[in-house]
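One-letter residues, chain by chain:
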Number of protein chains: 2
Amino acid sequence: MEVILSRKEQIEQTATALFKNRGFSATSMRDLANQLGIEAASIYSHIKSKEEILQRVCFRMANEFFEAIDQADVHTASASERLQAAITAHVQVLTKNTEASAVFLHEWRHLSEPHHAEFLALRNRYEEHFREIIREGIKAGEFKVPDEKFAVLTILSALNWIHTWYKPEGKMNAEEIAANLATMLLNGLKQT
Amino acid sequence: MEVILSRKEQIEQTATALFKNRGFSATSMRDLANQLGIEAASIYSHIKSKEEILQRVCFRMANEFFEAIDQADVHTASASERLQAAITAHVQVLTKNTEASAVFLHEWRHLSEPHHAEFLALRNRYEEHFREIIREGIKAGEFKVPDEKFAVLTILSALNWIHTWYKPEGKMNAEEIAANLATMLLNGLKQT
DNA sequence: TAGGCAACCTAACGTTCGTTAGCAAATTTT
DNA sequence: AAAATTTGCTAACGAACGTTAGGTTGCCTA
C-alpha cells in the first residue's frame with residue numbers, strides 16, 4: 001500500500017527527517033538536496049523558502065494534535081476517562097509520525113514572526129484543553145493536584161519524549177504505550 | 001555577593017544563554033561577541049573553538065547531576081525514599097542553572113565525536129542510577145511498573161521541562177517543585 | 001623599569017549558506 | 001499537435017560563517 005507523494009510532499013518528508021536528526025539550523029538546503037538526489041537550487045521549483053517547510057510541518061502537526069483530542073473527547077465522561085482519552089489521542093499522533101512530531105516539539109522556535117507567535121498561541125490553546133480536564137477533575141474531587149498548569153505541563157512533558165525512541169516494530173504498540181503512560185500518570189508508580 | 005568571573009567563564013556563561021535561546025547552530029560567534037561587547041576574533045584569545053564551549057557546558061553539567069544524586073542517595077532507605085531523593089537532587093541542579101541545563105538537555109547532539117559518544121555513555125550511566133532504584137522498588141513490592149526503562153525515561157522526561165519556565169522569583173521554590181513532582185510521579189493525579 | 005601576559009583589535013582567509021536567474025527537457029493537459 | 005506544467009539543471013549572487021595571523025595596549029610582577 002504505497003502512498004504516492006507529490007514532489008513537494010517528498011521534499012517535506014525528507015526535510016522533516018533531517019530537521020529531526022540535526023535540527024533546522026544545522027540542516028542546509030544542500031544537505032536536503034543531496035538526500036533527494038537533486039541540486040539545491042532545484043528545490044526552489046517546489047517551495048518558496050527553507051522556512052516554509054518548517055512552517056508546513058509545524059502547523060500540519062498542530063492540526064493533527066487538535067483533531068485527535070477533539071475526536072477523542074467525550075464531554076459526558078469523568079475527568080479521569082477524558083484525561084486518559086486525551087493522553088491516548090496524543091500518543092497516537094506522536095507515534096504515527098515521530099519525525100514530524102520531533103520537529104513540531106523542538107524546531108518551532110526557529111519560526112519567524114508572525115508564525116512564531118501564532119504557533120505559541122495554538123500550543124497554549126492545546127494545553128488549555130488539558131487544563132480544562134484537570135480543573136474539572138479537581139472540582140469533582142477526582143484529582144488532587146497542586147497547580148493545574150503545573151500538572152498539565154508535567155503530563156505533556158512525560159508524553160513528549162516518546163518520539164525519541166518509538167519504533168513501529170518495537171515490543172510495545174501505541175495503545176499499550178498510551179495505556180502505560182496513563183496508568184503511571186493517574187495512579188503513580190506505587191503499588192496500591 | 002558578586003562572584004568574580006574570569007573572562008573565559010564570562011564567555012561560557014554568555015554563550016550558554018545564547019545556546020539555550022537560539023540553539024547552538026543558530027548562534028554565531030559574532031552574536032556571542034556582540035553580546036560581550038567585543039569582536040568575534042577576540043574570543044579566540046580565550047577558547048580554542050565554538051564547540052569547546054559546548055563541550056565544557058555539557059560535561060560540567062553532567063558532573064553536577066552525578067554529584068547531586070550521589071550525595072543525595074541513602075542506600076539503606078526504601079526505594080520510594082531513594083527515588084524521591086534522586087528527583088529532588090535532579091530538580092535542584094535543574095533549577096540552580098536553568099540555562100546550562102537547557103544546553104545539557106538539548107544541544108549535546110551537536111558535539112562531534114568522540115565527545116558525542118562519551119556524552120551518551122555518561123547519560124546512560126546516569127539513567128542507570130534511576131533504573132536501579134526502580135528495580136529495587138519492584139523487587140521489594142513497592143512499585144508496580146510495566147518496564148523499568150520506560151518508567152525512568154517517563155520520570156526524567158517529566159522533570160526535564162522545568163528549565164523552560166522556572167524563575168527563582170516564582171511562587172514555587174525548587175524544593176516545592178521537587179516535592180510536587182515526586183508526589184505526582186509516585187502517587188499519580190488521583191485523589192486517594 | 002623591564003618583561004611577560006592578558007585582552008582586544010583590524011584584516012582577511014576559505015567555506016558554506018539561502019536564494020535567484022535563466023534555461024532545458026520531459027510530461028501532462030488541451 | 002500545441003500549450004502548459006512539472007522538474008530539473010548550471011552558474012552565480014551577496015551575505016554570513018568559524019577561524020587565523022599579526023599587531024597594539026595596558027596592567028602586573030620580577
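Residues numbered from 1 in each chain as written. Chains lettered and ligands numbered in written order. Predicted model: local features only at pLDDT ≥ 70, side-chain atom pairs only at ≥ 80, totals over all residues. Heavy atoms only, no water.

Named according to an unreviewed UniProt entry, chain A is TetR/AcrR family transcriptional regulator originating from Pontibacter fetidus.

Caption draft 1: Region of the structure containing the overall build of chain A. Helix and strand content of chain A: eight helices and zero strands. Starting at the N terminus and ending at the C terminus, chain A contains elements arranged as α-α-α-α-α-α-α-α. Overall, the C-alpha framework of chain A stretches about 60 × 40 × 25 Å when taken along its three principal axes. Across the 192 residues in chain A, those meeting the buried criterion constitute 50%. Contacts spanning at least 24 positions in sequence make up 69% of the contacts within chain A whose residues lie at least 6 apart. Summing over all exposed atoms, chain A offers an accessible surface of approximately 9,700 Å²; the carbon and sulfur share of this is 49%. (Helix = DSSP H or I, 4+ residues; strand = E, 2+ residues; numbered from the N terminus. Buried < 20%, exposed > 50% of the residue type's maximum accessible area, 1.4 Å probe, protein only. Contact = heavy atoms within 4.5 Å. Areas by Shrake-Rupley, 256 points an atom, 1.4 Å probe, with all protein chains shown as cover.)

Caption draft 2: Highlighting the protein's contact with DNA strand D. In the vicinity of DNA strand D, 16 residues are found, and the nearest of them are E39 and S42 of chain A together with M29, R30 and Y44 of chain B. Considering the 4 Å shell around the protein, atoms of DNA strand D inside it are sugar or phosphate in 57% of instances. At a separation of 2.5 Å, a phosphate oxygen of DNA strand D approaches a polar side-chain atom of S42 of chain A. With respect to DNA strand D, the backbone of T27 of chain B contributes an N or O atom lying 3.5 Å from a phosphate oxygen. Here the residues of the surface near DNA strand D are counted per class, giving five nonpolar, six polar and five charged. (Near = heavy atom within 4 Å. Polar contact = N/O pair within 3.5 Å; in protein donor to acceptor, adjacent residues only side chain to side chain. Nonpolar A, V, L, I, M, F, W, Y, C, P; charged D, E, K, R; others polar.)

Caption draft 3: Quick peek at the relation of the copies chain A and chain B. Overlaying chain A on chain B yields an RMSD of 0.0 Å, the required transformation being a rotation through 180 degrees with an accompanying axial translation of 0.0 Å. Such a combination of rotation and displacement between the chain copies is what one expects of a two-fold axis. The rotation axis passes nearest to the C-alpha of G188 of chain A in chain A, at a distance of 1.9 Å. A share of 100% of the interface residues of chain A reappears at the interface of chain B, consistent with the copies meeting face to face through the same patch. (Least-squares fit on C-alpha atoms with pLDDT ≥ 70 in both.)

Caption draft 4: Fine view of the interface of chain A and chain B. The partner chain B presents 42 residues to the 42 residues of chain A that form the contact. The tally of links between chain A and chain B comes to four salt bridges. A salt bridge links E107 of chain B to R109 of chain A; the nearest nitrogen and oxygen atoms lie 3.2 Å apart. Linking chain A to chain B there are 11 residue pairs in polar contact (both at pLDDT 80 or more). (Salt bridge = Lys/Arg side-chain N within 4 Å of Asp/Glu carboxyl O.)

Caption draft 5: Looking closely at the protein's contact with DNA strand C. Not every one of the 16 residues close to DNA strand C is listed here, only the nearest: M29, R30 and Y44 of chain A together with E39 and S42 of chain B. The sugar-phosphate share of atoms of DNA strand C within 4 Å of the protein amounts to 54%. Note that a phosphate oxygen of DNA strand C is positioned 3.4 Å from one of the backbone N or O atoms of T27 of chain A. One of the backbone nitrogen or oxygen atoms of M29 of chain A is found 2.7 Å away from a phosphate oxygen of DNA strand C. Class assignment of the residues belonging to the surface near DNA strand C gives a composition of five nonpolar, six polar and five charged.

Caption draft 6: Quick look at the packing of aromatic side chains. By the definition in use, this model includes 23 aromatic pairs over all chains. Seen in terms of ring centroids, F150 of chain A and W165 of chain B are 6.2 Å apart; in terms of plane orientation they differ by 90 degrees. Their pairing is edge-to-face. Taken together, the residues F150 of chain A in helix 7 (residues 148–159) and W165 of chain B in the loop between helix 7 (148–159) and helix 8 (174–187) connect one chain to another. For F150 of chain A, a relative accessible area of 3% translates into the label buried. Every member of this aromatic cluster is reached through a ring pair, and the members are F59, F65, F66, F104, W108, F119, Y126 and F130 of chain A. The ring of F24 of chain A has K50 of chain A lying over it, and the distance from NZ or CZ to the ring centre is 4.5 Å. Stacked on the ring of F66 of chain B, the Lys or Arg R125 of chain B has its end atom at 4.5 Å from the ring centre. (Phe/Tyr/Trp six-rings, centres within 6.5 Å; stacked < 30°, edge-to-face > 60°. Lys NZ or Arg CZ within 6 Å of the ring centre and 35° of its normal.)

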